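Letter by letter, the chains look like this.
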Amino acid sequence: GIYKMSILNVNVKKVVSIILALILVLSNFGIIVNAQVSCTIPYVAAVNNKQISANTYVRYSNELYLYPGDIVYLNFTYTPSNASVWFGLSTPSNQFRYASGVSGKLQRSFIIKEEGIHKVKIQNNSSASIIINGKFSTGCSYPFRGTNVPTALSRGYSASHYGLDIIDTYPNSINGREIYSIGSGTVLFEGPSQSAGNYIAILYDGGYTARYLHMQSRSTLKKDDVVTYETFIGYVGNTGESSGPHLHLDVNTVNATSGGSGNNAVNSSTTIDPKKLFPQIGFSQ
């Protein structure tokens, strides 16, 4: 499962019928799914010239009802830049998950671990007031973590291309970006290929396989290693048969590890369009 939709003012019956229809469609592909596939966010809130007094904190009233695997992105600047500032989330269990700003800025993502209402909290540990600018937003789990998530395709899913080629608006700006697992599962294969370059294949708990191709380098993951939403996989690159830095992501209904034909291979009969699993991403070409 990838994402449970947050509970807002929606027609519950309509939502349930949509989810059931989606489950039925994906079940025909042999994929076990749950309500986490759908998503009603992102949610974005701006913070403009917010003053926080010395040795105090601000906890925003925005209630973010989130589920394990969801993401909250924080992207802030502050002055003076040498101030000690913590940015993070007040969790349902009243914990403060935070990261420290450095040199006047904080760009950080938090993967949600517990269900319930979260609130963004900023704490000024300095002896003088600070000024904060920026925004916080929510997202769903997919291969990138950060405040500027790639949302463009150089090539989409088709009968001859069984995955998504993910880039940024400016293609070269994605080179070297960190790639993370889209779910929890087990590593099937990692290694080099003439066509795929550096790549890794992961069998997910939902019964499907995802492959990440053309990576600049890989993590230290090996076959049979267990991964979660927070597991780092590698960096976006241009290895193998690739015309520029990008991530090729394909999703398969079998334990697929390589291209070609035969059992457990990636072909038109064993793949689905990844956009069906991630409707919340809103890719644009």
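Nothing here was measured: the structure is a model prediction, and the numbers come from that model. (Residues numbered from 1 in each chain as written. Predicted model: local features only at pLDDT ≥ 70, side-chain atom pairs only at ≥ 80, totals over all residues. Heavy atoms only, no water.)

**Describing the pattern of salt bridges**
Consideration 1: Under the definition given, this model contains three salt bridges.
Consideration 2: Its salt-bridge partner being E190, residue K222 comes within 3.4 Å of it at the nearest N-O pair. Of this pair, K222 sits in the loop between β16 (217-218) and β17 (226-227) while E190 is found in strand β13 (residues 185-193), placing the two residues 32 residues apart along the sequence.
Consideration 3: On the basis of relative accessibility, which here comes to 46%, the residue K222 falls in the partly exposed class.
Consideration 4: The residue D250 makes a salt bridge to R211 at a minimum N-O spacing of 2.9 Å. Of this pair, D250 sits in strand β19 (residues 247-252) while R211 sits in strand β15 (residues 209-215), and the two are 39 residues apart along the sequence. (Salt bridge = Lys/Arg side-chain N within 4 Å of Asp/Glu carboxyl O. Helix = DSSP H or I, 4+ residues; strand = E, 2+ residues; numbered from the N terminus. Buried < 20%, exposed > 50% of the residue type's maximum accessible area, 1.4 Å probe, protein only.)

**Focus: the confidence of the model for the protein chain**
Close inspection of predicted coordinates is inappropriate for parts of the model with low pLDDT.
Consideration 1: In the predicted model, the protein chain carries a mean pLDDT of 80, and 79% of its residues have values of at least 70.
Consideration 2: Within the protein chain, helix α1 (residues 12-27) has the poorest average pLDDT of any element, 39, and strand β5 (residues 85-90) the best, 96.
Consideration 3: Note that pLDDT drops below 50 for residues 1-39; the model gives that stretch 65 contacts with residues more than four away or on any other chain. (pLDDT = per-residue confidence, 0-100. Contact = heavy atoms within 4.5 Å.)

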